[in-house]
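# Commentary on secondary and tertiary structure
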Amino acid sequence: MATARLRTSRVALLPVLFLAICVLPLAAAAPWAALLLLVPALIAVWVLRVGVDVADDGVTVRSLAAARHVPWREVAGIRVAERGDLRLVTTRGTELRLPVLRTRDLPRLAAVSGGRIPDVG
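It is worth spelling out the sheet that holds strand E5 (residues 75–80) at this point. Read from one edge of the open sheet, 3 strands run E5-E6-E7, paired in antiparallel fashion. Each end of this open sheet is capped by a strand with a single partner; those strands are E5 and strand E7 (95–102). Neighbour-to-neighbour, the strand axes of the sheet open up by a mean angle of 30 degrees, direction not taken into account. Two strands pair when backbone bridges link them, and E5 and strand E6 (residues 85–90) are joined in this way by 5 bridges, in the antiparallel orientation.

Next up on the list: the pairing of strand E3 (residues 58–62). With 4 of 5 residues buried, E3 is to be regarded as a mostly interior element. In the sheet, strand E2 (residues 51–55) pairs with E3 via 5 bridges, with the strands oriented antiparallel. Across the sheet, residue Ala-55 finds its bridge partner in E3, namely Gly-58. Remark: 2 residues form the turn of the hairpin made by E2 and E3, two consecutive strands paired antiparallel.

Here we take up helix H2 (residues 38–49). With 12 residues, H2 extends 16 Å from end C-alpha to end C-alpha; this agrees with the ideal 16 Å at 1.5 Å per step. Where H2 is concerned, the buried positions are Pro-40, Ala-44 and Val-47. The buried residues of H2 all sit within an arc of 60 degrees when viewed along its axis, so they share a single face. Where H2 is buried, its residues meet helix H1 (13–29).

Conventions we followed
- Residues numbered from 1 in each chain as written.
- Predicted model: local features only at pLDDT ≥ 70, side-chain atom pairs only at ≥ 80, totals over all residues.
- Heavy atoms only, no water.
- Pairing = 2+ DSSP bridges.
- Helix = DSSP H or I, 4+ residues; strand = E, 2+ residues; numbered from the N terminus.
- Axes fitted to C-alpha atoms, helices over the stretch in contact; angles between N-to-C directions.
- Buried < 20%, exposed > 50% of the residue type's maximum accessible area, 1.4 Å probe, protein only.
- Expected span 1.5 Å × (residues − 1).
- Arc of directions from axis to C-beta.
- Contact = heavy atoms within 4.5 Å.

So this is what it looks like as structure tokens:
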């Protein structure tokens with residue numbers, strides 16, 4: 001099985017581009033205001049980087065600054081939090097929030113896990 005990358009849709013970059021265009025006149029007004037262009041840049045990096053990678057050897061949860069790999073033998077299951085967020089439960093009892101995934105993504109997560117995560121929907 002190839003690595004399945006579950007990310008925010010690239011369409012989310014369109015509002016980021018719109019934000020950058022809106023900030024551009026303000027950023028050109030003063031030299032210090034050019035720092036405002038960092039906001040759309042950071043949001044774009046977040047859209048492109050944050051997500052979950054599912055592979056044969058386990059699950060990798062990627063945040064903006066770090067990544068954590070959990071082998072399949074350490075995965076106890078998935079927990080649905082109050083607001084519909086998904087959390088990966090490990091055999092040690094710890095939980096990792098699965099960014100950009102919600103309850104509606106459970107069937108897709110179950111499919112790319114190769115049956116390791118059951119679809120109970």
